[in-house]
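Given next are the chains, with one letter for each unit.
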Amino acid sequence: MVSRLYGKRILLIEDQEMMRNQLRQSMTIVGCKHLRVVANIQLALEAIATETFDLILCDYNLGENTNGQQFLEYIRTRELISRNTLFIMITAEQTYQKVMAVAEWTPDDYLLKPFTPAQLNTRVDRLIERQEELQRVNRASDRKRWDLVISECDKLIAAHSKYAFDAMKTKGEALLKSGRGAEARQHYDAVLLQRPLSWARVGLARALEAEGKIEPACALLRDIITESPMVMQAYDLLARLLADSNKHKDALDVLDEAGEISPGTMGRQRTLTTLAIGLGYNELAEKVMCDALNANKYSPVRDVGDYAMLSRALVNQKKSDAALDVVKQARKGFTDSDSNVMLDATECVIYQRAGDNTKATEALARAMASDMTGIPLDIAMSVAEALLAVGRENDALSLIKQAIQNTPNDHNLMQKVQAVLGSDGKGDRAAEIIASSRREIIQLNNEGVRKADAGLFDEAVTLLSAAADRLPNNLQIVGNAALALAQFMVRDGVDSERLNNCLRYRNSLAEQYSEDPKLRQIDSNLHRLKR
């Protein structure tokens, strides 16, 4: 019988040359014809950027204080691999329990060293069978076609597939991502009637959140943590819901409890640091982020924002020299324009707190030299903090408001705004500023839609286009701007400038959310232009 590995494209990551050769031989014996072998994470990332793989085999210990868990977290959070790509972690038997204890981004399976080619083939055979059964579901998920994901999952569930529970899990996620909270709740209730699965209980809490039932969601999550303390997703979700409810200290306590069980992902360490800064617990923030950066010193999961947060915690303790050293260290590893803006803004705050107004002004000028329109939320927050430091409160609040409106669905929005305002003694205004910013953009959007519905397309286009250019990540605004332009041209004829702007907004919407129902309306109107 031909091995299922035959014809599969495989990436093998192993830092030890002798083990690489042994693994290469084992893979060849079981029929691997398309095998790429690399020695470290950087080479693996280069491979992923140029090729698509069916299977990644990654050793846990990769030398230089890096490991396969960090690599897996990085590629999954950034969606660098398809859901159809299998990921198997290779680890020595004596370290297996240690690896499992911190494996929050779980691979598809583990393979314990030493193993024989036959053992490899048997283990992988089962995974590939599952992969092939779920292939259509995973392909739709990669494309973010949530309606198609749901229908493909329903087919597998109705056929009583041996992977029906995998399909149920994916269906629940798709329902939530498509905004169908009530259906998701009913789905998870049905799953839990069959089995008391932890992922279904966490999913139910997310569905309750989607329906605005925050207190029942929090109560359920607390029950999950009490009954199954290793379900780390429950801690993260509970902390976010508490922070969004302005219960920052309670959120911090939940994440601190999680840290006693597992060191946590880099994402959790960032949230914990942000909360600590917002509450004025700067020593805790310094410790958490220092530990995280040391643990990930050679890992791709580090981000320039991690160094900015550490600098913020240090400068809040009046450790200006240490904060500047952190910025200097960050500049060695992050040289892109966005990183430079964030680090310039961070330097501004450090110099201002140290009493060097000249250098603070120079650093802020460098940061503000870039276009602030549509900049990422974390960078906007850093620049806003710098503006607050030099006394430009109105400019800072205007930038914070724009960032909120441009990134309305950021899960950690409350914590980030709280951290920036908290450093300037205005932390109690975070909830109010977020709420007013959201109200303002909702009113602007509604006014634009009202004008379009009334046939006042020139006014609607002017209003919505200006907002879409200022807030390119607010998909509701971008979609409505494209639709208003398309409707305007249907009525008054094609204009090259309007058409180009319409297509620009339409394509931006499609790139960010290909299943937005407004795309059908836009395309229907554009099709009418061709007649």
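It should be emphasised that the depicted structure is a prediction, and the values quoted were computed from it without experimental measurement.

Conventions used here
The residue numbers shown here count from 1 along each chain, following its written sequence. A pLDDT threshold of at least 70 governs which residues receive local features in this predicted model, and a stricter bar of 80 or more applies before side-chain atom pairs are shown or counted, although totals over entire chains, interfaces and linings include all residues. Only heavy atoms go into the side-chain values, all of them from the structure, while hydrogens and water stay out. Throughout, the edges of the domains are those of an automatic or database domain assignment. Between buried and exposed lies partly exposed: a residue is buried under 20% and exposed over 50% of the maximum accessible area for its type, with that area taken using a 1.4 Å probe on protein chains only. Strands are runs of DSSP state E lasting at least two residues, helices are runs of H or I lasting at least four, and both sets are numbered from the N terminus onward. DSSP bridges decide pairing: two strands pair if at least two such bridges lie between them. Within 6.5 Å between ring centres, the rings of Phe, Tyr and Trp (the latter by its six-membered ring) count as paired, and their orientation is classed by plane angle as stacked under 30 degrees, edge-to-face over 60, tilted in between. Counting as a charge over the ring demands two things of the Lys NZ or Arg CZ atom: a distance within 6 Å of the ring centre and an angle within 35 degrees of the ring normal. Residue contacts are defined here by distance: any two heavy atoms, one from each residue, within 4.5 Å place the two residues in contact. Between the first and last residue of a helix there are one fewer steps than residues, each counted as 1.5 Å, and that sum is the expected span. Counting of polar contacts relies on pairs of N or O atoms within 3.5 Å, with two restrictions inside protein: one atom must be capable of donating a hydrogen and the other of accepting it, and residues adjacent in sequence are counted only when both atoms are side-chain atoms. Inter-axis angles, ranging from 0 to 180 degrees, are taken between N-to-C directions of lines fitted to C-alpha atoms, where helices are fitted over the stretch in contact. Salt bridge criterion: a side-chain nitrogen from Lys or Arg within 4 Å of a carboxyl oxygen from Asp or Glu.

Draft legend 1. Representation of the domain arrangement of the chain. Split by domain assignment, the chain resolves into domain 1 (9–133), domain 2 (263–425) and domain 3 (436–530). Placing a centre on the C-alpha atoms of domain 1 and another on those of domain 2 gives a separation of 35 Å.

Draft legend 2. How the structure looks around the pairing of strand 3 (residues 55–59). The buried count for strand 3 comes to 5 of 5 residues, which makes it a mostly enclosed element. Examined bridge by bridge, strand 1 (residues 9–13) and strand 3 share 4 bridges and lie parallel to one another. Within strand 3, the position partnered with L12 by the bridge is L57. Relative to strand 4 (residues 86–92), strand 3 runs parallel, the two sharing 5 bridges. From the neighbouring strand, I56 faces strand 4, where its bridge partner is F87.

Draft legend 3. Structural view of the packing of aromatic side chains. Inspection of every chain in the model, using the stated rule, returns 4 aromatic pairs. Taken together, a centroid distance of 6.4 Å and an interplanar angle of 70 degrees make the contact between Y188 and W199 edge-to-face. With Y188 in helix 9 (residues 181–194) and W199 in helix 10 (residues 198–210), this residue pair connects regions lying 11 residues apart in the sequence. Of the two residues examined, Y188 and W199, each falls in the buried class. The side chain of R498 reaches across the aromatic face of F488, ending 4.1 Å from its centre.

Draft legend 4. How the structure looks around the environment of L11. Tracing the chain through its elements places L11 in strand 1. With 242 residues separating them along the chain, L11 and D253 place their C-alpha atoms 40 Å apart. When near neighbours in sequence (up to four residues on either side) are disregarded, L11 contacts R36, V38, A44, A47, I48, F53, L55, I56 and L57.

Draft legend 5. Helix 18 (residues 337–353), seen in detail. Taking 1.5 Å per residue as the helical rise, helix 18 with its 17 residues ought to reach 24 Å, and the 25 Å between its terminal C-alpha atoms agrees with that figure. With respect to burial, helix 18 is a largely interior element, 12 of its 17 residues being buried. Looking at the packing, one finds that the buried side of helix 18 touches helix 16 (304–316), helix 17 (320–333), helix 19 (357–368) and helix 20 (377–389). Looking at where helix 18 begins, the residue whose side-chain oxygen comes 3.3 Å from the main-chain nitrogen of D338 is D336. Downstream of helix 18 by a residue or two, G355 has a phi angle that is positive, lying close to 90 degrees.

Draft legend 6. Spotlight on the environment of D250. When you line up the elements, D250 lands in helix 13 (residues 248–261). Taking C-alpha positions, D250 is 7.5 Å from A239, a pair spaced 11 residues apart along the chain.

Draft legend 7. Representation of the sheet that holds strand 2 (residues 34–38) in the model. Strand order across the open sheet formed by 5 strands is 2-1-3-4-5, with parallel pairing between neighbours. At either end of the open sheet lies a strand with only one pairing partner, and these are strand 2 and strand 5 (109–113). The sheet shows a mean angle of 20 degrees between the axes of neighbouring strands, taken without regard to direction. Lying on the sheet, helix 1 (residues 17–29) is in contact with strand 1, strand 2, strand 3, strand 4 and strand 5; it crosses strand 2 at an angle near 170 degrees. Of the strands in this sheet, strand 3, strand 4 and strand 5 touch helix 5 (residues 117–133), which is tilted by about 175 degrees from strand 5.

Draft legend 8. Just the pattern of salt bridges, in detail. Going through the model one piece at a time under the given rule, you end up with 41 salt bridges. Taking the shortest distance from any N to any O, the salt bridge between D291 and K287 comes out at 2.8 Å. Pair noted here: D291 and K287 are both in helix 15 (residues 282–295), with a separation of 4 residues, about one helical turn. One connected set of salt bridges, linked through shared partners, spans R76, D108, R130 and D166.

Draft legend 9. View of the pairing of strand 2. Here 5 bridges tie strand 1 to strand 2, and the two strands are oriented parallel to one another. Within strand 2, the position partnered with R9 by the bridge is H34.

Draft legend 10. Main features of helix 7 (residues 146–158). The terminal C-alpha atoms of helix 7, which comprises 13 residues, lie 18 Å apart, in line with the 18 Å expected from a rise of 1.5 Å per residue. Taken as a whole, helix 7 has its buried residues at W146, V149, I150, E152, C153 and L156. Tucked into the core, helix 7 has its buried residues touching helix 5, helix 6 (135–142) and helix 8 (164–177). One or two positions beyond helix 7, positive phi appears at H160, with a value near 55 degrees.

Draft legend 11. Just the side chain of Q131, in detail. By the secondary structure assignment, Q131 is in helix 5. Other than its neighbours up to four places away in sequence, Q131 contacts K8, D54, N84, T85 and L86.

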